[in-house]
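Architecture and fold: a report
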Amino acid sequence: MHAVSERAHDLIAAEERYGAHNYHPLDLIVARAEGVWLWDVDGNRFLDCISAYSAVNQGHCHPRIRAALVEQSAKVTLTSRAMRNDRMPGFLEKLTRLCGFDMALPTNTGVEAVETGIKLARRWGYSVKGIRPDAAEIVVFSNNFHGRTMSAVSASTTPEYRKHFGPFVPGFTAIPYGDADALEGAIKPETCAILIEPIQGEGGVNVPPEGYLKRAWALCREHQVLFIADEIQTGFGRTGDLFACDYDAIKPDVLLVGKALGGGFYPVSAALADRPVMSLFGPGDHGSTFGGNPLGSAVAEAAIDVLVDEKLASRARYAGAKIMQGLRAIASPLVKEIRGRGLLIGIELSIPARRVSEALLARGVAAKDTQEMVLRIAPPLVIDDAAIDYFLERFRDAMASL
Ligand SMILES: *Cc1c(COP(=O)(O)O)cnc(C)c1O
């Protein structure tokens, strides 16, 4: 058990007083982190099963990524795209080769990559598909999460993401996730794209039915619609493949990546597409002051190298299977379903997940609810057998205490 010290108490009070209350965090005040472990201000150790929502797949403070950050920070960090820098080309080449696309457009946060995908799809809809002006539609899915900008919120079906934020950006049609017939019925001549997470993370770790993505992809081909995969959370090894779309052997028309691309050090995201689509952007059409900056480019290159050299996707597959097996063996009556792929695991409970999350925290494990009744387990992909056993023991104990 960890007691909240006076120092911790003061920090929480200052945060609550001076910061907007747009989150409901665990009262775990992290002061240091390494690999899969976190230490709070009082020196207590916790296993990180959140990984900053999959942004630290490579583990906290990875020495190789840190070295790239430190080295580049002494050379040049920001130029804007008013000129070129010597780090962006190498980053773009590495990223596009890894992902199998001709070109990438670098952004900072994931939601900017989403915005990029939406703008690209609309432009394609008008200039290639010939949709009449301002009529383009994008099909989105129930319980999606694409970020917090006005267009991402306009695409959302979650009431609390939208409440009192209207008027919304038009042009999104929401249909049930996982229902291919609903998708077939929703595609119209004005549909330029579908925007889809191959596994929904924030939505509750929802894995679609077998074959669904393949059929969705085929429907897109048949009706001349772009398939935009939001792999900001599922990408870069999280699900046991490099990308979750690899499991279904499909190549999206537009791939959105982020989170782990920055290795936990720096926000780096991107939208990728092949030349015929990405070439629809010309000078002045889209951009970002910080996107593609040399510091972020250096960090992202190192983050990709670590992912590949340390074979993190296969490690996620192995560790995920081991955790899943261990969870199934625990067989708590409070667990309704265990689902997921690789190290993106959702435990559906018959009690609010926040209660399990608090019980785990008291035992040295940081894990959080994503939907009210779903606990998400998503540690850094570098988790080893000893840490897996540590997690399973504490999970068993926490469930027995409830
Ligand atoms: C986190 C996330 C985003 C938004 O990324 P930010 O970097 O927070 O803007 C978009 N889509 C998915 C699937 C995500 O998980």
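Residues numbered from 1 in each chain as written. Predicted model: local features only at pLDDT ≥ 70, side-chain atom pairs only at ≥ 80, totals over all residues. Heavy atoms only, no water.

**Concerning the overall build of the protein**
Short version of the rule: Under the DSSP-based scheme used, a helix requires at least four consecutive residues in state H or I and a strand at least two consecutive residues in state E, with every element numbered from the N terminus. The atom set for the radius of gyration is the C-alpha atoms, and the globule formula is 2.2 Å times the number of residues raised to the power 0.38. Only protein chains enter the area calculation, which uses a 1.4 Å probe; residues under 20% of their type maximum are buried, those over 50% are exposed, and those in between are partly exposed. The method behind every accessible area is Shrake-Rupley, applied with a 1.4 Å probe, and residues are considered shielded solely by the protein chains displayed. Under the counting rule used here, the positive set is Lys and Arg, the negative set is Asp and Glu, and His together with the chain ends is not counted. Here the site of a charge means atom NZ of a Lys, CZ of an Arg, CG of an Asp or CD of a Glu.
What the protein contains, in helices and strands, is 15 helices and 15 strands. Taken against the 2.2 N^0.38 rule, which gives 21 Å for 402 residues, the C-alpha radius of gyration of the protein at 21 Å falls within 12% of a compact globule. In terms of its C-alpha atoms, the protein occupies a principal-axis envelope of roughly 60 × 55 × 45 Å. The buried share of the protein, taken over its 402 residues, is 55%. Surface accessibility of the protein: about 17600 Å² in total, with carbon and sulfur atoms responsible for 53%. Of the charged side chains in the protein, 43 are positive and 48 negative, and the gap between their average positions amounts to 2 Å.

**Some thoughts on the packing of aromatic side chains**
Test applied: Stacked, edge-to-face and tilted are the three classes for Phe, Tyr and Trp ring pairs, Trp counted by its six-membered ring, which pair at centre distances within 6.5 Å; planes under 30 degrees apart are stacked, over 60 edge-to-face, the rest tilted.
Evaluated as defined, the whole model comprises six aromatic pairs. Ring centres 6.2 Å apart and planes at 75 degrees place the aromatic pair Phe141 and Tyr177 in the edge-to-face group. Residue Phe141 is found in strand S5 (residues 137–141), and its partner Tyr177 is found in the loop between strand S6 (172–175) and helix H8 (180–186); the two are separated by 36 residues along the sequence. Owing to a relative accessible area of 15%, Tyr177 belongs among the buried residues under this scheme. Arranged with centres 5.3 Å apart and planes meeting at 55 degrees, the rings of Phe236 and Phe243 form a pair that is tilted. In this pair, the class of Phe236 matches that of Phe243, namely buried.

**Notes on the environment of Val306**
Condition: Between two residues, a contact is recorded if the distance between any of their heavy atoms is within 4.5 Å.
In this fold, Val306 is placed in helix H12 (residues 294–309). In contact with Val306, other than residues within four places in its own chain, are Gln58, His62, Arg64, Ile65, Lys311 and Leu312.

**So, the site of the ligand**
So the rule is basically this: Only heavy atoms are used to decide nearness, and a residue is near a molecule or strand if one of them lies within 4 Å of it. A 3.5 Å cut-off defines polar contacts: any pair of N or O atoms within that distance qualifies, except that in protein one atom must be a possible hydrogen donor and the other a possible acceptor, and neighbouring residues in sequence count only when both atoms are side-chain atoms. We call Asp, Glu, Lys and Arg charged. Ala, Val, Leu, Ile, Met, Phe, Trp, Tyr, Cys and Pro are nonpolar, and the rest, Gly among them, are polar.
Around the ligand, a shell composed of Thr109, Gly110, Val111, Phe145, His146, Gly147, Glu197, Asp230, Ile232, Gln233 and Lys259 is seen. At 3.3 Å, a backbone N or O of Phe145 approaches a nitrogen atom of the ligand. Side-chain polar atom of Lys259 to an oxygen atom of the ligand: 2.7 Å apart, as the coordinates give it. Contact with the protein chains covers 82% of the free accessible surface of the ligand, which is 390 Å². The residue inventory of the shell around the ligand, partitioned by class, reads three nonpolar, five polar and three charged.

**Focus: the pattern of salt bridges**
Heads up, the condition is: Within this document, salt bridges are pairs made up of a side-chain nitrogen of Lys or Arg and a carboxyl oxygen of Asp or Glu, the two lying within 4 Å of each other.
A full pass over the atoms with the stated rule returns 21 salt bridges. The salt bridge partner of Glu202 is Arg376, with a shortest N-O separation of 2.7 Å. Taken together, the positions of Glu202 in the loop between strand S7 (191–196) and helix H9 (212–223) and Arg376 in strand S15 (residues 374–377) put the pair 174 residues apart, joining distant regions of the chain. Arg376 matches Glu202 in its accessibility class, with the two residues each being buried. The shortest N-O distance in the salt bridge between Arg394 and Glu393 comes to 3.6 Å. When salt bridges that share partners are traced, they join Arg64, Arg87, Lys94, Glu301, Asp305 and Asp309 into one network.

**Considering the sheet that holds strand S13 (residues 365–366)**
Put simply, the rule reads: DSSP-based pairing: two strands are paired if at least 2 bridges between them are found.
Strand order in the open sheet formed by four strands is S1-S2-S3-S13, with mixed pairing between adjacent strands. Looking at the sheet topology across the chains shown, the edges are occupied by strand S1 (30–34) and S13. Pairing analysis gives four bridges linking S1 to strand S2 (residues 37–40), with the strands arranged antiparallel. Counterpart to Ala33 in the pairing with S2 is Leu38.

**Quick look at the sheet that holds strand S14 (residues 368–370)**
Our working definition: Here an angle of 0 to 180 degrees is reported between the N-to-C directions of two axes, which are lines fitted to C-alpha atoms, with helices fitted over the stretch in contact.
What the four strands build is an open sheet, ordered S11-S12-S15-S14; its pairing is antiparallel. Unpaired on one side and paired on the other, strand S11 (335–341) and S14 mark the two borders of the sheet. The sheet shows a mean angle of 35 degrees between the axes of neighbouring strands, direction not considered. With six bridges joining them, S11 and strand S12 (residues 344–349) adopt antiparallel strand pairing. Looking at the pairing, Ile338 lines up with Ile347 of S12. Lying over the sheet, helix H14 (residues 353–361) contacts S12, S14 and S15, oriented at roughly 45 degrees with respect to S15.

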